[in-house]
Amino acid sequence: MGWNGKIIGGALGLMFGGPVGALLGVLIGHQFDAQGIAPQPGPGAAQRLQELFFPATFRVMGHVAKADGRVSEQEIAAARAVMAALRLDPQQVQAAIGYFGEGKDPQFSLDAALAELRPLMRAFPQLAQFFLEIQLQASIAGNGLSELPRARLARAAALFGFDATHLARLESLMRWRMNGGAGMGAGGAA
């Protein structure tokens, strides 16, 4: 597997979208490297994906955090930790906070929020999985992932074509990573 796609994607993403764009570019480039050919999502799809991914990430995070009725200080801290991990600049942090707030709105529709992103993510399944990993990380750190938030995450996973088994495996992997890999043998979490 080569590195050209990751390097080109990361550089283009950095130029047009800062750290978040670079991350998306690397993920899209990885898909290119893994397939050996460019996915066929259509003209302008990568740019549109970049425009939709960031707002959807924090809207869904807010929606999941609000699932049990109240957003706790731990959930806010978890969202801020994700913002820090993504190395958002102050302007991006303010935008992320706004998107998070939109997701908390009782009128927020998960299906509608992901409707335009879904077909773009089909061309980049690793990016869809990364989206779910971000959500799981924030949820586990924020509320431990109780029943109602888990149901909202399961719906998001289903919209991206992942079944409950895949989400459960991904949750186990995220918990393992967040615990520093403790308790797993040489076989890993797969």
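Residues numbered from 1 in each chain as written. Predicted model: local features only at pLDDT ≥ 70, side-chain atom pairs only at ≥ 80, totals over all residues. Heavy atoms only, no water.

Q: Before we go on, may I ask you to explain the side chain of Ser 139 in this structure?
A: Within the secondary structure, Ser 139 is located in helix 7 (residues 125-143). Every residue in contact with Ser 139, bar those within four places of it in the chain, is listed here: Val 64, Gly 144, Leu 145 and Leu 153. (Helix = DSSP H or I, 4+ residues; strand = E, 2+ residues; numbered from the N terminus. Contact = heavy atoms within 4.5 Å.)

Q: What should I look at first to understand the side chain of Glu 171 in this one?
A: You can see Glu 171 is positioned in helix 9 (residues 164-178). Excluding residues within four positions of it along the chain, Glu 171 makes contact with Leu 136, Ile 140, Leu 145 and Arg 150.

Q: Looking at this structure, how should I read the pattern of salt bridges?
A: Where charged atoms of side chains with opposite charge meet at close range, the side chains can pair. Under the defined criterion, the tally for this structure stands at four salt bridges. In this structure, the salt-bridge partner of Glu 171 is Arg 150, at a minimum N-O distance of 2.3 Å. Here the residue Glu 171 occupies a position in helix 9, and Arg 150 occupies one in helix 8 (residues 147-159), the gap between them amounting to 21 residues. One network of salt bridges, in which partners are shared, links Arg 150, Glu 171 and Arg 175. (Salt bridge = Lys/Arg side-chain N within 4 Å of Asp/Glu carboxyl O.)

Q: What is the right way to read unusual backbone geometry from this model?
A: A negative phi angle is the norm for most residues apart from glycine, just as the trans form is the norm for most peptide bonds. You will see that Arg 87, though not glycine, has its phi angle at about 55°, which is positive. Residue placement: Arg 87 occurs in the loop between helix 3 (73-85) and helix 4 (90-104). For Arg 87, a relative accessible area of 67% translates into the label exposed. (Buried < 20%, exposed > 50% of the residue type's maximum accessible area, 1.4 Å probe, protein only.)

Q: Any chance you could explain the packing of helix 7 against helix 8 here in plain terms?
A: Angle between the axes and distance between the axes: these two values describe a pair of packed helices. One can describe the packing of helix 7 onto helix 8 by two numbers: an axis separation of 11 Å at closest approach and a directional angle of 180°. Taken together, the axes of helix 7 and helix 8 are roughly antiparallel relative to one another. When helix 7 is examined against helix 8, the residues Leu 132, Gln 135, Leu 136, Ser 139 and Asn 143 are found in contact with a partner set consisting of Pro 149, Leu 153, Ala 156 and Ala 157. Taken together, the residues of the contact of helix 7 with helix 8 sort by class into six nonpolar, three polar and no charged. (Axes fitted to C-alpha atoms, helices over the stretch in contact; angles between N-to-C directions. Parallel < 35°, antiparallel > 145°, perpendicular 65-115°, else oblique. Nonpolar A, V, L, I, M, F, W, Y, C, P; charged D, E, K, R; others polar.)

Q: Any chance you could explain the packing of aromatic side chains here in plain terms?
A: Two aromatic rings, taken as a pair, are described by how far apart their centres are and by the angle between their planes. All chains considered together, the criterion is met by five aromatic pairs. On the numbers, 5.4 Å between centres and 65° between planes, the contact of Phe 54 with Phe 58 is edge-to-face. A residue pair is termed a helical-turn pair when its members lie 3 or 4 positions apart in one helix, as Phe 54 and Phe 58 do in helix 2 (residues 45-65) at four residues. Side by side, Phe 54 and Phe 58 carry an identical accessibility label, which is buried. Grouped by ring-pair contacts, the aromatic residues Phe 53, Phe 130, Phe 131 and Phe 160 constitute a single cluster. (Phe/Tyr/Trp six-rings, centres within 6.5 Å; stacked < 30°, edge-to-face > 60°.)

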